[in-house]
Amino acid sequence: MIGKEQMDALFIEAQKTAVSAYAPYSNFRVGAALLCEDGTVVKGVNMENRSYGLTICAERNAVAAAITMGKRRFLALAVSTPDSVEPVGPCGACRQVISEFTKPDMPIRFAGSGQNQVDTTIGELLPLDSLHDLKNN
Ligand code: THU
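Owing to the predicted nature of the structure, the values given are computational and were not obtained by experimental measurement.

**What about the site of the ligand?**
In the vicinity of the ligand, the contacting residues are Ser 26, Phe 28, Val 30, Asn 46, Glu 48, Thr 55, Cys 57, Ala 58, Glu 59, Gly 89, Pro 90 and Cys 91. One of the side-chain N or O atoms of Asn 46 is found 2.9 Å from an oxygen atom in the ligand. Contact between the ligand and Cys 91: an oxygen atom at 2.9 Å from a main-chain N or O atom of the residue. About the coverage of the ligand: the protein hides 79% of its 370 Å² of free accessible area. In the shell around the ligand, the residues fall into six nonpolar, four polar and two charged.

In structure tokens form, the structure reads like this:
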């Protein structure tokens, strides 16, 4: 498990990353920072498209980047949404993708620009994830 200071530092990485978001249609920037088991922090931002449905969320971009780097074990995820005051959590599609590579107790923090933050786990965000049991290795 990671401690509070590590999670605070991971969230700061997510905040810093959010400035790179490509979100000219929604103007809603999202930054994600994924702490890998080896200590690497892999980041992702949302990437929109003029064909709106092609948008990829920050969380899925972070997971895809990590997998591309050969990293598959993750200790924590932080998500920053600076264009909302209140915390905005990962969308349903991202919850499913995060869950593919994590145990239910993996911690997730998300927060907007205000003081409120949510500390939760992927298991809380995606309960009854019975498909998880299909994985063989
Ligand atoms: N978005 C994310 O990047 N992550 C989420 O979990 C929620 C939504 C992005 C998609 C789109 O670019 C913008 O936020 C508004 O929905």
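So, next bit.
**Considerations on the nonpolar core**
Formed by 19 residues in total, the largest nonpolar core has its most connected members in Leu 34, Phe 74, Leu 77, Ile 98, Met 106, Ile 108 and Ile 122. Taken together, the elements giving at least two residues each to this core come down to strand E1 (31-36), helix H2 (58-68), strand E3 (74-80), helix H3 (92-100), strand E4 (107-111) and helix H4 (122-125). The biggest single contributor to this core is H2, with four residues. Not counting residues within four places of it along the chain, the set of residues in contact with Phe 74 comprises Leu 34, Leu 35, Cys 36, Glu 37, Ala 66, Ile 67, Phe 101, Thr 102 and Met 106. Counting residues in each nonpolar core, the second largest holds ten residues, with Phe 11, Leu 35, Ala 76 and Ala 111 among its members.

Criteria and cut-off values
Here, residues in each chain are numbered from 1, in the same order as that chain's written sequence. Since the coordinates come from a predicted model, pLDDT governs what is reported: local features require at least 70, and pairs of side-chain atoms require 80 or more to be given and counted, while whole-chain, interface and lining totals use all residues. Here the side-chain values reflect all heavy atoms present in the structure, with hydrogen atoms and water set aside. Think of it this way: one heavy atom of a residue within 4 Å of a molecule or strand is enough to make that residue near it. Two N or O atoms form a polar contact when they lie within 3.5 Å of each other; inside protein one atom must be a possible hydrogen donor and the other a possible acceptor, and for residues adjacent in sequence the pair counts only when both atoms belong to side chains. Computed by Shrake-Rupley with a 1.4 Å probe, the accessible areas treat only the displayed protein chains as cover when residues are assessed. Note on residue categories: nonpolar means Ala, Val, Leu, Ile, Met, Phe, Trp, Tyr, Cys or Pro, charged means Asp, Glu, Lys or Arg, and polar means any other residue, Gly included. We call a set of buried Ala, Val, Leu, Ile, Met, Phe, Trp, Tyr and Cys residues a nonpolar core when their side-chain atoms join them within 4.5 Å. Exposure is judged per residue with a 1.4 Å probe applied to protein chains only, and the accessible area is read against the type maximum: over 50% gives exposed, under 20% gives buried, and values in between give partly exposed. Every helix listed is a DSSP run of H or I at least four residues long, and every strand listed is a run of E at least two residues long, numbered separately from the N terminus. Any two residues whose heavy atoms approach within 4.5 Å at even a single point are treated as in contact.

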